[in-house]
Amino acid sequence: MAIERTFSIIKPDAVAKNVIGKIVSRFESNGLKIVEMQLKQLSREEAEGFYAEHKERPFFGDLVEFMTSGPVVVQVLEGENAIALNRELMGATNPQEAAEGTIRRDFAQSIDANAVHGSDSPASAEREIAYFFGK
Ligand SMILES: Nc1ncnc2c1ncn2[C@@H]1O[C@H](COP(=O)(O)OP(=O)(O)OP(=O)(O)O)[C@@H](O)[C@H]1O
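As the structure is a prediction and not an experimental result, all values here were calculated from the model.

Caption draft 1: Inspection of the overall build of the protein chain at higher detail. The number of helices and strands found in the protein chain is seven helices and four strands. The order of helices and strands in the protein chain, counted from the N terminus, is β-α-α-β-α-α-β-α-α-β-α. Relative to a compact globule of 135 residues, whose C-alpha radius of gyration would be 14 Å, the protein chain shows 14 Å and is just as compact. Counting only C-alpha atoms, the protein chain reaches 40 × 35 × 25 Å along its principal axes. Going through the 135 residues of the protein chain one by one, you find that 47% of them count as buried. Across the protein chain, every contact between residues at least 6 apart in sequence was considered, and the portion connecting residues at least 24 apart equals 75%. A distance of 3 Å separates the average location of the 15 positive side-chain charges in the protein chain from that of its 21 negative side-chain charges.

Caption draft 2: Looking closely at the UniProt feature "active site" (unreviewed entry) in the protein chain. The positions that UniProt labels "active site" (unreviewed entry) are, in the present scheme, H117. If we ignore the near neighbours within four places in the chain, the residues touching H117 are F7, S8, I9, K11, F50, Y51, N86, M90, R104 and E128.

Caption draft 3: Seen up close, the site of the ligand. Around the ligand, the structure places 14 residues, and the nearest of them are K11, H54, T93, N114 and H117. The contact in question runs from an oxygen atom of the ligand to an N or O atom on the side chain of Y51, over 3.5 Å. In this structure, an oxygen atom belonging to the ligand sits 3.2 Å away from a main-chain N or O atom of I111. In the complex, the protein chains occlude 79% of the 570 Å² of accessible area that the ligand would expose alone. Secondary-structure elements contributing two or more residues to the shell around the ligand are α5 (82–90) and β4 (116–118). Considering only residue class, the shell around the ligand consists of five nonpolar, five polar and four charged.

Caption draft 4: Up close: the pattern of salt bridges. As enumerated under the stated definition, the model contains six salt bridges in all. Among the salt bridges present, the one from R5 reaches E78, with a minimum N-O distance of 2.8 Å. Of this pair, R5 sits in strand β1 (residues 3–10) while E78 sits in strand β3 (residues 72–80), placing them 73 residues apart in sequence. The class of R5 is partly exposed, set by a relative accessible area of 39%.

About the criteria used
- For every chain, the first residue of the written sequence is number 1, and numbering continues from 1 onward in sequence order.
- Per-residue local features are limited, in this predicted model, to residues with pLDDT of at least 70; the limit for side-chain atom pairs, both in listing and counting, is 80 or more; totals at the level of whole chains, interfaces and linings are taken over all residues.
- The basis for the side-chain values is all heavy atoms of the structure; hydrogens and waters are excluded.
- Put simply, DSSP H or I for four residues or longer makes a helix, DSSP E for two residues or longer makes a strand, and each gets a number counted from the N terminus.
- Radius of gyration here is computed from C-alpha atoms only, and the compact-globule reference equals 2.2 Å multiplied by the residue count raised to the power 0.38.
- Each residue is assigned to one of three classes by its accessible area relative to the maximum for its type, calculated with a 1.4 Å probe on protein chains only: buried under 20%, partly exposed between the two thresholds, exposed over 50%.
- In this description, contact between two residues means that some pair of their heavy atoms is separated by no more than 4.5 Å.
- When charges are counted, neither His nor the chain ends are considered; positive counts come from Lys and Arg and negative counts from Asp and Glu.
- One atom stands in for each charge, and that atom is NZ of Lys, CZ of Arg, CG of Asp or CD of Glu.
- UniProt positions are given in the numbering used here, feature names are shortened, and annotations may be inferred rather than shown by experiment.
- Here, proximity means that at least one heavy atom of the residue falls within 4 Å of the molecule or strand.
- Any pair of N or O atoms that falls within 3.5 Å is considered a polar contact. Within protein, one atom must be able to donate a hydrogen and the other to accept it, and sequence-neighbouring residues count only if both atoms are side-chain atoms.
- Under the convention used here, a 1.4 Å probe and the Shrake-Rupley method define accessible areas, while residue burial counts only the protein chains that appear.
- Put simply, Ala, Val, Leu, Ile, Met, Phe, Trp, Tyr, Cys and Pro go in the nonpolar bin, Asp, Glu, Lys and Arg in the charged bin, and everything else, Gly too, in the polar bin.
- When a carboxyl oxygen of Asp or Glu is within 4 Å of a side-chain nitrogen of Lys or Arg, the pair counts as a salt bridge.

Below you can see the structure in the form of structure tokens.
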């Protein structure tokens, strides 16, 4: 399996809960290397553009509101099978359905405040990395 890159966001709920370090430790201890990282406050435009594929969904307004409610940590993770591995470490979108030992099970409270985002395919990883890091 080739070395792959994926894009990750530690969302405002997790930053507010002071668990950035604990989440980053999950990545590092599972073989994912942080190759880009920035703490930043997303503007409305940045959040809307990032989630453009969800524009027609009923929760879009709340999602943008939530993602701009406080700072996030945007990161590029690198490792073998990074995209699928990161999705596995994150757990299901709804923390109530997330497997034991996953980031969302341990640190998230609800389907909107769900601690992390991770790219779901090579195409989205490429788009999302370019969106925030321009490469
Ligand atoms: N029914 C919903 N109600 C509220 N928010 C939702 C709902 N479904 C999804 N979301 C929010 O939109 C984000 C994107 O949804 P998507 O279906 O792409 O989930 P995901 O791929 O697991 O999450 P992410 O894209 O953040 O990694 C979710 O992480 C969640 O924060």
